[in-house]
Structure formats: structure tokens, C-alpha cells
Amino acid sequence: LEEKEMEIYFDYQADTIVEENDPERLDLSKYQLFIDTTQNSRFRKRIKSWQPSEEYISSYLREINKDFQPAKIDLGTFPRRWISLEKLKDRFVIYDRCDGAIPRFEVRDTAFIFYTPHEGYAFSIAKLKQLTKNKFSVKVKGYPIKGNPTFSTLSIFPTKHRYIYRLEHSGETLLSGYYVTPFEYIDQFDILVNNCATMKRLEYDGFED
């Protein structure tokens, strides 16, 4: 019985062929995996209309800042809101997931916020290391582990590709990175849509590192 229920609610079959298409020409009541190259689709409008939320974030920052005064920096014209990109062969795309939100990031004058597919978490800025019109690097304090403060470095810097930056998070026990772009450049990228309308499916795994 349990196996049958899984077959009903989660389909392990996933498309491997991705083609460009106009969502207006597709039956979106069914599963569709496609690259949306249009500029006015409901998928693009939804992505662009996203606004940062305090859900999960306030509790993180309250705990981090119990005995800590974050540094406050003047961001000037440096972009505040960022969205992740995926490398698909010879191009970069925004990946609209089947399950969960597209990873997004927010730079504040005292904090750096991660909005991951299923939750969010935050870091308080401890020290500004570098800030120019297109480069940003800070030492941050994370959520305490076993009562001990956790410090790491968050950096954003441009790549050789136009509109595309690299976000890197490094510390003693971690190293992670994302390709990202400011929200103002969302229209420069196509969207790979994993439209699982009736049941969950595997996420597309054909991206390059």
C-alpha cells in the first residue's frame, strides 16, 4: 500500500530532453519541462515579483545578536537582491524548481540572508572586508553551534560572463558557491521550468558545476 501511494504522489520519471517553448502553447495542467524564452510569462512575472520575507529570519538574527553588535555598512549602489543561476551547457538559466523556491539572497546593511528552496537563514555582518560597485566581501557571524559563535566569509564578485556573478561562502568547515545575478538582470536569462502540475517529480540534474 505504501509503495502504491508513493507512485501516486511522487513520479520518479523525469524528462531529460529540454526544449525551448512558449508556455502559452503548452498544456500547463500537465507535467512540462521546458525553457521559457518569453519575457511576459506567468513564470517570469512570479519570479520578478518576489519580495524578501522575515519568516525564519528574525529568529536567526535575534539568536545571533544576543551578545553581538553587528557592523553596519553603507551599501551605496551595490545590489541588495540576488537570484541563483544554473549552468546548462553553454548558457546560464534561472531554474524554476518543481519543489521549493529558487535560491535567492539578500544583502542588508547589517546582515546577509539566504532564502533556500525550503527555508531561510541569516548571518550578521561582523566586518566589512571589501565593497566596490560590483564586489562585496564581509566577515559574518552565523547561528551559534553548541553555544560557540561561528564566523565565516561571504563574497560576491563578477565572473567573465556578463551579468553573472559568483557568490562564495567559506569558513573552517564549509565551502559553498552559487552563480548569481542581481534581480535587475533577471530578464537577461531564460527560465528552465520544471512544471510538475499534479505530482512531485525529480529535480532536473543536467546542470554543470
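A few points on the structure. Everything numeric in this text was worked out from a predicted model, so none of it was measured.

**A few points about the overall build of the chain**
No. 1: Along its length, the chain carries 3 helices and 14 strands.
No. 2: Here the chain holds 209 residues, and the buried ones make up 42% of them.
No. 3: Sequence-distant contacts in the chain: of pairs separated by 6 or more residues, those separated by 24 or more amount to 57%.

**Here's the deal with the pattern of salt bridges**
No. 1: All chains considered together, the criterion is met by 13 salt bridges.
No. 2: When the shortest N-O distance is used, the salt bridge between Glu63 and Lys66 registers 3.1 Å.
No. 3: Accessibility expressed as a relative area gives 27% for Glu63, which makes it partly exposed.
No. 4: For Lys66, a relative accessible area of 56% puts it in the exposed group.
No. 5: Ionic pairing is found between Arg97 and Glu203, a salt bridge with its closest N-O pair at 3.7 Å. On the criterion of sequence distance, the pair formed by Arg97 in the loop between β5 (91-96) and β6 (104-107) and Glu203 in the segment after β14 (200-201) is long-range, its members being 106 residues apart.

**Some remarks on the state of the cysteines**
No. 1: This model, assessed by the stated rule, comprises 1 disulfide.
No. 2: Disulfide pairing places Cys98 opposite Cys196 at an S-S distance of 2.0 Å. An S-S torsion of about 110 degrees defines the bridge between Cys98 and Cys196 as right-handed. Taken together, the residues Cys98 in the loop between β5 and β6 and Cys196 in the loop between β13 (191-195) and β14 connect sequence positions 98 residues apart.

**Brief notes about the nonpolar core**
No. 1: Counting 24 residues, the largest nonpolar core has Ile47, Ile83, Leu85 and Ile94 as the members making the most contacts within it.
No. 2: Among the elements of the structure, α2 (42-48), α3 (57-64), β4 (81-88), β5, β7 (111-115) and β13 are those that each provide at least two residues to this core.
No. 3: Residue contributions to this core peak at 3 residues, all from β7.
No. 4: Sequence-distant contacts of Ile47, that is, excluding residues within four places in its chain, are made with Ile83, Ile94, Ile102, Arg104, Phe183, Ile186 and Ile191.
No. 5: Counting 18 residues, the second-largest nonpolar core is a separate cluster that includes Phe105, Ile125, Leu154 and Tyr165.

Cut-off values and rules
- Residues numbered from 1 in each chain as written.
- Predicted model: local features only at pLDDT ≥ 70, side-chain atom pairs only at ≥ 80, totals over all residues.
- Heavy atoms only, no water.
- Helix = DSSP H or I, 4+ residues; strand = E, 2+ residues; numbered from the N terminus.
- Buried < 20%, exposed > 50% of the residue type's maximum accessible area, 1.4 Å probe, protein only.
- Contact = heavy atoms within 4.5 Å.
- Salt bridge = Lys/Arg side-chain N within 4 Å of Asp/Glu carboxyl O.
- Disulfide = S-S within 2.5 Å.
- Core = buried A, V, L, I, M, F, W, Y, C linked by side-chain atoms within 4.5 Å.

Everything listed here is a matter of geometry and, on its own, says nothing about what the molecule does.
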